[in-house]
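Geometric and topological summary
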Amino acid sequence: MNKHYKGLLLILCVILVITSCRRSLDTGWDTRYLTPIVTGELTIYDLVPDSLTQFEEDESVTLVYKSELLDYDLTQEAIEIPDTSVEIYVSLDSLTLEDQEMEVSISLGQIAIDLGFPIGTLIILSNGDSAVLDPLTGLSTDPTLIDATSFFESATFSAGFLKVSIANGLPVDLDTVVLKLTNFTDGALILQDTFFYVPAAGVPVVIIKDLTGMTVEGNMYAEILNFNTPGSNGDSVFIDTSDALFIEFTAYDMELLEATAVFPEQNLINSANDVEYDMGGPEFTLMGIESGHVVVYVVNSINDTIEIVYDIPGAIGPDGSSVHIVSKVAPNDTLDEPFDLQGYTIDLRGSTGDRVNTFFQALSASINYTGVATHITLADSLRVIYGLEDIVPNELRGYLGQYDVFVADTTDGINVFDQFTDGVVQFGQINVDLEIANGLGASGNVIVNSLGAMNTETGQVVFLECSEVIGQALDISRAVDNPYAPGYTTISLNSDNSNINDLLEIFPDKLFYDVVMHVNPNGNEFNYQDFVISTSKLNISLNLNMPLEFFASNLTLENEFPVTLDAGSGTDGVGNIDLTLYADNTFPLDATINIVFIDEFGTKLDSLNFGGDKINPGILSGDCRVHEPATTEIHQIVDGVLKDAILNASNAIATIKFNTASIPECSDIVKIYSDYVMKIQLVGDINYTFSTADF
Amino acid sequence: MQRKLLCLSILFLIIIKARANPDSTQIQLTPLTFFNNGSTTTIFGIFDPLNAPLGRNGITVVAFSDLYTASNCFSTDFIQNFFGSGFITEEMKDNASEKLTNLNTIGVDFYNGVWLMMASKKNADNIFLAGIEYNFEESSQFTSDLFHLVFYGNYDYQNITAQLTDSKFSLTSVMEYKVGMMKIFDDDYNTFKIGATGGLVQGLSGLDIKTRYGTLFTAPDGRYLDLEYDFDIHTSGENKPSLTSFIGAGFSFDIFGKAYFQGPEISVNVMMNDIGAVFWNKDPLQYSGDSTLHFEGIEINNLFAATDSAATGNTDSLLEIIGIQKGEKIFSQALPSRLNVSVSKNIGNSMYFTLGTQYIFNTPYKPLIFVQGGKTFNDLKLTVSANAHVGGYGAFNAGLDITKRFGNAIQIKVGSNSLLGLVAQEVFTGVGAYGSLSVMF
């Protein structure tokens, strides 16, 4: 091998060896550290929420707590104002046209003119004289315009009749009178018929023509195509050229398929009525509106503008004006404009002023004269829905009616004792007020069928025993107005007249009740002076006022919290720990601590309890108050199984049990003062094996 | 490790037994270029361009490694266990404790590299230098109380205030890529060498801890701790060191010179290495604190509302409790610059005596004074020397080294400047070893 390459190879080997020598990082050594771990204090605020505590002049603590049992909103729960909307539907086929008559006359003079020379001339020259008229045949008249356009321009009838009556005012009889009636524009034949004999000055001769399916124009031509006369039979008759042949047209029972006409102003709907609410008992004379609206919904498929006018004269708004809605609905258009009634007051005494639950309303729907011809068909219609909807009152006056309110429920109990999970406690004097606040302007009484407390964890249930309350009809004051104030009725419960102590000493987490309220048990004794407003409620509550003094035996506080001390948090090197608990305690309670460590499945791993040693209670002085703290020092060795339990635990359950410690000079029921505190400090004497891996 | 050494040994045997091609060029050696009288600028195994042999063709490749660790209090067995995954016993701690002074030191220097020396074809007195080095330096200055707190704990310090002021710790781990020149000239009688290299520093990891002021009082029974502190910690961050990334960058220079006075046969060597700094700019972290802390335990306002932070080991919460501020701040770290000065006197044709000194700037290194004496056995192409020193990170120590030439192309040097720490581990507080392989072309 070339020596140069040998050298390079050796260099590479040396480098390889050197760089592969790595320093290990698992060096360790033992140490011992003394350090405080946690510190804290337990005060009265940790036992009961500060919002429930009240401090007296002597610094003693009183628990004040209000538990609401019932909060019944009468307007929401018992009173419902139904919707009052009404629907009207108007269509062309429901329209009926009035019978119409028109008369056309053809005078003798006009006939003479049409006859011409010599007969016509003779007739004219004979005017005012008598003359003999010879028989004539084949006579006719020129078309005569009949103008019915004031009624319609054209109309197609689905039904109807035209009666043609000819009255002969001429001095001679007529026969074979052929009458022809045609439309002016398209010349469509309406009628062509023969009157065979029309006597002079006799009864009119009538022909009836069925108009079904016929389209008739407003302008028509009437023409006598032919008429004959037998003459005067040689007799002289008085000739008056003003004598005439009278043709009367009468249209009746007409129903239209369609029509084109200049409609005059006319109401399609004209409705006014009292609307009465069925309240099922209450008789209201006035209603204030919290929310709700007038609904005026119009679908106009008529080819003309419709004007809608809706009035509720008894509904007065904040500005003093009544409900007056005027809207126009364009042809083939829809109107949907709710009118907000918030803030309005409605007089519910109706149009006559002596009714109840009733309001007056008026609606009209009209076509205004426009001078423009409008085409209307059978399909055209007008649909109107109007009324009051979604009415939520904020005030009702009158007579609330006579009814019962049954309420039974279970509520969350007095959470003052939420943190206590076990133990026996005996309280001193407890005062609980059962307070009934009646927000209704109506008389009534309340019967408490049952009232009780339960502890769902222990299963204990205690019913209130109080002969003054349970099962008794308790008259309640009615609310007053101007200014508004509920009527309050208070019933005191204490250890003398009830077993209220027993209810609280089970640390209830639920309260249950069964209550009946009778409204107006004596009827309308206040003559429609009842009222209810939006804030009117029936409220029943328990007001607790309790000096914080008690006897306790193993009164237990318990709390669970997560523990996530693991190897990753540098606890691998922790060896044995001598835990010392120092306590300075002014509570006249001794305490034993037990912390149970559990895994994620809830399995107990081990517990830390300082050997069962307790924290010493503060010693009561002659005035039954603790002035100097009692000190405690207790130890616990944490090693082996316990240490593993702490490191492997997912949660820990910490429990403190308290026992009151009185002195012979003082009652077993000790009073708690606001300055009482239990200061706790945990110090660890920790054997720790350091490792360079920690760095 | 053993396997690798075995492989190396086998390979070494193969290499030395392999015979050169008889047609290979014979190298004509001159005293200056062939074989230095054995003296070196320093008793450490770092690259010494002033005394490195140059091959006949003017090319030499030098690979070296130098490990040195010492302390004024930690014995060798303590250091070995600390760095070598051992357990530090109470006896070791007590042994170190007896040697403690007010301020104590410990340091670890680990230098490795490969250098190329190439004389110019036109002028052999101009020598081109290029090299790659990996340098690891770790040094600490600490009070006796800090030692006690770390290695024993504070249990024995109840009612005592532990002093921590002026404790410091520094660590730099860098790669250096350098090039340079060295020139040889003479005045027809005396010979001089002068050179310089410079280059890029690639920072791998850095740590700098300075405690300007610190005390810890432990109350009796551990009821409270009072901590006063004013310190800064700068780290290069949590990025994993990698040769392919630059979490820090900087510059480094070496300057060196040698004068050989032929008359008195005295050589004066001066070498200053690693003048420079590294700038940590990729997510560096800074922790600082200047405050006092009275600690009676983690406060729990409601004992029955203990939260996660009270029941878990959360380092961030701990930092908040102590009042340490954390931030990201680019910082620069001066490299531990090494100054070596030595005077060497030839005695006869084969012996020499050297007196020198070394100092490492920016570390708690005390000036180190060394002496070295050696003899060269020309027929064996072997130089043996002995050295002794006092100062540095530790106290007195001594060592030996052997330089052996194999043929004309290979020179191996192995030795130690702190053999006593290997021989009497409980007594002496330093250990070191170095080696180099020079291949000459």
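Along each chain, residues carry numbers from 1 onward, in the same order as the chain's sequence is written. The order in which chains are written sets their letters, starting at A; the order in which ligands are written sets their numbers, starting at 1. Local features in this predicted model are restricted to residues of pLDDT 70 or higher, and side-chain atom pairs are both shown and tallied only at a pLDDT of 80 or more, whereas totals for entire chains, interfaces and linings draw on every residue. Note that the side-chain values use all heavy atoms of the structure and ignore hydrogens as well as water.

Remarks on the overall build of chain A
Where helices and strands are cited, they refer to DSSP runs of H or I of at least four residues and of E of at least two residues respectively, numbered from the N terminus. Each helix and strand counted, chain A has seven helices and 45 strands in total. Relative accessibility decides the category of a residue: with a 1.4 Å probe and only protein chains considered, values under 20% of the type maximum give buried, values over 50% give exposed, and everything between is partly exposed. Burial status across chain A gives 49% buried among its 695 residues. Taking the intrachain contacts of chain A between residues at least 6 apart in sequence as the baseline, contacts between residues at least 24 apart amount to 86%. On chain A, roughly 31400 Å² of surface is accessible, and the fraction owed to carbon and sulfur atoms is 49%. When checking whether two residues touch, look at their non-hydrogen atoms; a contact exists if any pair is within 4.5 Å. For the accessible areas, the method is Shrake-Rupley and the probe is 1.4 Å, while residue cover comes only from the protein chains on display.

Points about the pairing of strand β8 (residues 225–235) of chain B
Residue and element names in this part refer to chain B. In terms of burial, β8 is a largely internal element, eight of the eleven residues being buried. Pairing between strands is defined by DSSP: at least two bridges between them are needed. Bridging between strand β7 (residues 191–218) and β8 involves eleven bridges; their strand directions are antiparallel. Considered in β8, the bridge of Gly214 is made with Tyr229. Where β7 hands over to β8, the hairpin turn is made up of six residues, of which Asp221 adopts a positive phi near 65 degrees. Here β8 runs beside strand β11 (residues 285–295); their pairing, made up of eleven bridges, is antiparallel. Across the sheet, residue Ile233 finds its bridge partner in β11, namely Tyr287.

A closer look at the packing of aromatic side chains
What describes a pair of aromatic rings is the distance from one ring centre to the other and the angle between the planes of the rings. Residues and elements named next belong to chain A. By convention, a stacked pair of Phe, Tyr or Trp rings (six-membered ring in the case of Trp) has centres within 6.5 Å and planes under 30 degrees apart, an edge-to-face pair has planes over 60 apart, and any other such pair is tilted. Taken as a whole and assessed by the stated rule, the structure comprises 37 aromatic pairs over all chains. Geometrically, the ring pair formed by Trp29 and Phe690 is stacked, given 5.5 Å between the ring centres and 20 degrees between the ring planes. Taken together, the residues span a long stretch of sequence, with Trp29 in strand β1 (residues 28–43) and Phe690 in strand β45 (residues 677–691) at a distance of 661 residues. When its relative accessible area of 1% is taken as the criterion, Trp29 is described as buried. What makes Phe690 buried here is its relative accessible area of 17%.

Brief notes about the state of the cysteines
Residues and elements named next belong to chain A. Pairs of cysteine sulfur atoms within 2.5 Å are identified as disulfides in what follows. What the rule picks out here adds up to one disulfide over all chains. Here Cys624 engages in a disulfide with Cys666; their sulfurs sit 2.0 Å apart. Handedness here is read from the sign of the S-S torsion; for Cys624 and Cys666, about -100 degrees, the answer is left-handed. One end of the pair, Cys624, is in the loop between β41 (614–615) and β42 (630–638); the other, Cys666, is in the loop between β43 (651–660) and β44 (670–671), with 42 residues separating them in the sequence. Overall, the relative accessible area of 9% leaves Cys666 in the buried class.

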